[in-house]
Amino acid sequence: MLASELVWVLIRAHEDRLHLATGAARWIWAMRDLPEKSPIRFTVKKEFALTRPSSPSRARIFVDRAYELRVNGSLVGSGSQKPGDALDAYELFPTLKPGRNEISIDVSSPTGAGGILFWLDPGDGRTIVSDGSWDVDSKPGAEKPGRAAVWGRPPMYPWGYPPLSRRD
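Figured I'd write up the structure that's included with this text. (Residues numbered from 1 in each chain as written. Predicted model: local features only at pLDDT ≥ 70, side-chain atom pairs only at ≥ 80, totals over all residues. Heavy atoms only, no water.)

**Regarding the packing of aromatic side chains**
- Going through the model one piece at a time under the given rule, you end up with four aromatic pairs.
- Aromatic side chains Trp-29 and Trp-151 sit 6.4 Å apart centroid to centroid with 40° between the ring planes, which places their arrangement in the tilted category. Here Trp-151 lies in strand β12 (residues 149–152) and Trp-29 lies in strand β1 (residues 27–29), a separation of 122 residues in the sequence.
- By relative accessible area, Trp-151 is classed as partly exposed at 28%.
- Three or more aromatic residues link up through ring pairs in this structure, and these residues are Trp-29, Phe-42 and Trp-151. (Phe/Tyr/Trp six-rings, centres within 6.5 Å; stacked < 30°, edge-to-face > 60°. Helix = DSSP H or I, 4+ residues; strand = E, 2+ residues; numbered from the N terminus. Buried < 20%, exposed > 50% of the residue type's maximum accessible area, 1.4 Å probe, protein only.)

And the structure:
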């Protein structure tokens, strides 16, 4: 019994370390009824101010299913992920600036459901994380975006704790 308890402690410690990689980030998504599977496309946005960005300004992201990450209008990266895949990591220092900044993530899913997990350490002692304060624009030309639906913190089925990427 001692060996199985030790294995459980090691597994839990590993999962906790991965969770710390995204801190207080929460899984978010566009609020939508899902009577049947159908494709969805939308954008989540977060504005924030920085006194002075510093290097490194590391971001981690997981989006089920596909995404394009933009900072202040510049495409930083894109990818496609599914449960069990690693977090993607990006260095955002070259795109951050003193003053107002905007993170936007264009998202698509063939099933209409998924999850977004985002974490950024811009180097000023605070983090920018995915949570209910992000704006969601799921209709082209919409005047006022809605708020992101919060689905919880890792671990959460089906996403669990995304592993760190090999670039971290």
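Picking up where we left off.
**Observations regarding the nonpolar core**
- Within the largest apolar cluster, 27 residues are counted, with the highest numbers of intra-cluster contacts made by Phe-42, Ile-103, Ile-105, Ile-116, Phe-118 and Trp-134.
- For this core, the secondary structure elements donating two or more residues are β1, β2 (40–50), β3 (58–63), β4 (66–71), β7 (99–109) and β8 (116–121).
- Considering each element in turn, this core owes the most residues, five residues, to β2.
- Beyond its immediate sequence surroundings of up to four residues, Trp-134 is in contact with Ile-28, Val-44, Lys-45, Lys-46, Ile-103, Ile-105, Phe-118, Ile-128, Val-129, Gly-146, Arg-147 and Ala-148.
- Ranked by size, the runner-up nonpolar core spans eight residues in total, among them Ala-21, Ala-25, Trp-27 and Trp-119. (Core = buried A, V, L, I, M, F, W, Y, C linked by side-chain atoms within 4.5 Å. Contact = heavy atoms within 4.5 Å.)

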